[in-house]
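Close look at the chain arrangement
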Amino acid sequence: MVTRLKAGAMHEPHWHPHANEWHYVAKGKVRVTLFAMDKRLAIAEMAAGECAYIPRNCGHSIHNIGTEECELVGVLDSNRYQEATLSDWMKRAPRHVLANNLGLPEDAFSTDRKGRFTIIS
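Quick look at the structure, then. Just so it is clear, the model here is predicted, and its values are computed rather than measured. (Residues numbered from 1 in each chain as written. Predicted model: local features only at pLDDT ≥ 70, side-chain atom pairs only at ≥ 80, totals over all residues. Heavy atoms only, no water.)

**Quick word on the overall build of the protein chain**
So the rule is basically this: Secondary structure elements are defined from DSSP: runs of H or I of at least 4 residues count as helices, runs of E of at least 2 residues count as strands, and each element is numbered from the N terminus. The rule is simple: take the accessible area with a 1.4 Å probe, protein chains only, and divide by the maximum for that residue type; under 20% is buried, over 50% is exposed, in between is partly exposed. By definition in these notes, contact holds between two residues if any of their heavy atoms fall within 4.5 Å.
Scanning the protein chain from N- to C-terminus turns up two helices and 11 strands. With respect to the principal axes defined by its C-alpha atoms, the protein chain has extents near 45 × 30 × 30 Å. Relative to its full complement of 121 residues, the protein chain shows a buried share of 31%. In the protein chain, the share of contacts with a sequence separation of at least 24, taken over all contacts with a separation of at least 6, comes to 69%.

**A short note on the pairing of strand 4 (residues 29-35)**
Stated formally: We treat two strands as partners when DSSP finds at least two bridges between them.
Where strand 4 and strand 5 (residues 41-47) come together, seven bridges link them in antiparallel fashion. By the bridge assignment for strand 5, Thr33 is matched with Ile43. Counting the residues that bridge the hairpin from strand 4 to strand 5 gives five residues, and of these Lys39 lies at a positive phi of roughly 75 degrees.

**What to know about the side chain of His60**
We count it as follows: Contacts described as polar in this section are N or O atom pairs within 3.5 Å, which, within protein, must combine one atom able to donate a hydrogen with one able to accept it, while residues neighboring in sequence count only if both atoms come from side chains.
Along the chain, the position of His60 falls in strand 7 (residues 59-64). For His60, a relative accessible area of 0% gives the class buried. Among the polar contacts made by the side chain of His60, one reaches the side chain of Glu21 at a distance of 2.9 Å. Among the polar contacts listed, one links the side chain of His60 to the backbone oxygen of Cys58, at a separation of 3.0 Å. Aside from chain neighbours lying at most four places away, what touches His60 is Glu12, Pro13, His14, Trp15, His16, Glu21, His23, Thr33, Leu34, Phe35 and Ile54.

Quick look at the structure:
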């Protein structure tokens, strides 16, 4: 798959439950942030010609930190594509769990008519 991000844009936090992933930066400059289930965090800034490995189930986001559009080529090692996003997870999480963990009242969390999750502060 090819991902293109405009300058300053970010691919939302997500993970692939059934596949390891490799990213090749074909154009531009990006920051890849990994957050593992065991609470480890890794951040790498990458430029054209560099590659990143993202283990299965490891949450990650990609942020274009350059001044022009970036282009990444991503490859998964599974024929079963599945992507879980942070916003999808938050839409399905019980409101009391979000409220307790984020220190906000339960009514601070809503889903709009298009199914997008928002936090009202």
